[in-house]
Amino acid sequence: MKISGKFILKVAGTLTVISLVVAALLGFVNSITAEKIAAIDAENTKIAMSAVAPEGSEFGDKMELPEAAVAAAAAQGGKLTELYPVTNGGVAAGYVMKVSASGSQGTIVMMVGLDANKAITGISVVSHSETSGIGTKVVGNEPNAAGVPVLDQFIGLSGAGSLTVGGNITAVSGATVSTKGIAMGANAALAAVEAMG
């Protein structure tokens, strides 16, 4: 069976028109939802920042990421993606950083609060793909083997590279890799703030 040139042109023309209509519709939907999505993201970021900073803290606009801070975080196995200054009563009180690190099933994205003395004030997990019922115990801040909520044990600690599971960090039973992912992100945040001076 021979296919005619007219048939090929007709099919190609039809597919082109369909593609253009779909692209126009997607662009239209994006223009309607882009602002709403950005507003939701901004609100979620503010909630996550409030969870890791002392009560009464105020947050400045997102800062440019210093190259030295990005490199220091990477040297600890994490990735620094966002940085916000924190003030309390008008006085500089530290930073909140969004960092990511490898967990057992993928990337764990977290907010880490750091005070003016470069100590952790809190950790809140923003997104993850950890195993339900195991790794989710870590990101959900459930108690570890010592009975302490796993994320809360980081509060007050400082010193990039000093946070080690089995050393000064106790893992959740069965979720050691997820706990190591949080420790890696915390070490990355500490390294970043130290690199900033």
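Higher on the page you've got the structure.
Remember, it's a predicted structure, so these values are computed and weren't measured experimentally.

*Asks:* Please clarify how the sheet that holds strand S4 (residues 107-115) should be interpreted in this entry.
*Replies:* By definition, the strands of a sheet pair up through backbone hydrogen bonds, in either a parallel or an antiparallel sense. If you walk across this open sheet you meet the five strands as S1-S2-S3-S4-S5, and the pairing is antiparallel. Two strands lie at the open edges of the sheet, namely strand S1 (57-59) and strand S5 (120-127), each paired on one side alone. The average angle at which neighbouring strand axes cross in this sheet is 30°, direction not considered. Helix H1 (residues 5-52) contacts S1, strand S2 (79-88), strand S3 (91-102), S4 and S5 of the sheet and is inclined by roughly 150° relative to S5.

*Asks:* Just checking my understanding: could you explain empty space enclosed by the protein for this structure?
*Replies:* Vacant regions in the atomic arrangement are exposed by a probe of water-molecule size rolled over the atoms. All chains considered together, the criterion is met by one cavity of 30 Å³ or more. As a volume, the largest cavity reaches approximately 40 Å³. Ala53, Pro54, Val86, Ala93, Tyr95, Val96, Gly113, Leu114, Asp115 and Thr121 are the residues that line the largest cavity. Counting only elements with at least two residues in the lining of the largest cavity, the list comes to S3 and S4.

*Asks:* I keep staring at the side chain of Asn187 and nothing clicks. Help me out?
*Replies:* Inspection of the secondary structure assignment puts Asn187 in helix H4 (residues 176-195). For Asn187, a relative accessible area of 5% gives the class buried. Here the side chain of Asn187 touches Gly161 through a polar contact of 2.9 Å, landing on its backbone nitrogen. The residues touching Asn187, leaving out its near neighbours within four places in the chain, are Gln76, Gly159, Ala160, Gly161, Ser162 and Leu163.

*Asks:* Just to check I follow, could you spell out the pattern of salt bridges for this structure?
*Replies:* As a working rule, side chains carrying opposite charge can pair if their charged atoms are close by. As enumerated under the stated definition, the model contains one salt bridge in all. Here Lys98 ties to Glu82 by a salt bridge, and the two come within 3.6 Å at their closest N and O atoms. Here Glu82 lies in strand S2 and Lys98 lies in strand S3, a separation of 16 residues in the sequence. On the accessibility criterion, Lys98 (14% relative accessible area) is buried.

Cut-offs applied
- Residues numbered from 1 in each chain as written.
- Predicted model: local features only at pLDDT ≥ 70, side-chain atom pairs only at ≥ 80, totals over all residues.
- Heavy atoms only, no water.
- Pairing = 2+ DSSP bridges.
- Helix = DSSP H or I, 4+ residues; strand = E, 2+ residues; numbered from the N terminus.
- Axes fitted to C-alpha atoms, helices over the stretch in contact; angles between N-to-C directions.
- Contact = heavy atoms within 4.5 Å.
- 1 Å grid on protein atoms, 1.4 Å probe; cavity = no way out; pocket = protein on both sides within 12 Å on 5 of 7 lines; lining within 4 Å.
- Points joined across faces, edges and corners; volume = space filled by probe spheres on them.
- Buried < 20%, exposed > 50% of the residue type's maximum accessible area, 1.4 Å probe, protein only.
- Polar contact = N/O pair within 3.5 Å; in protein donor to acceptor, adjacent residues only side chain to side chain.
- Salt bridge = Lys/Arg side-chain N within 4 Å of Asp/Glu carboxyl O.

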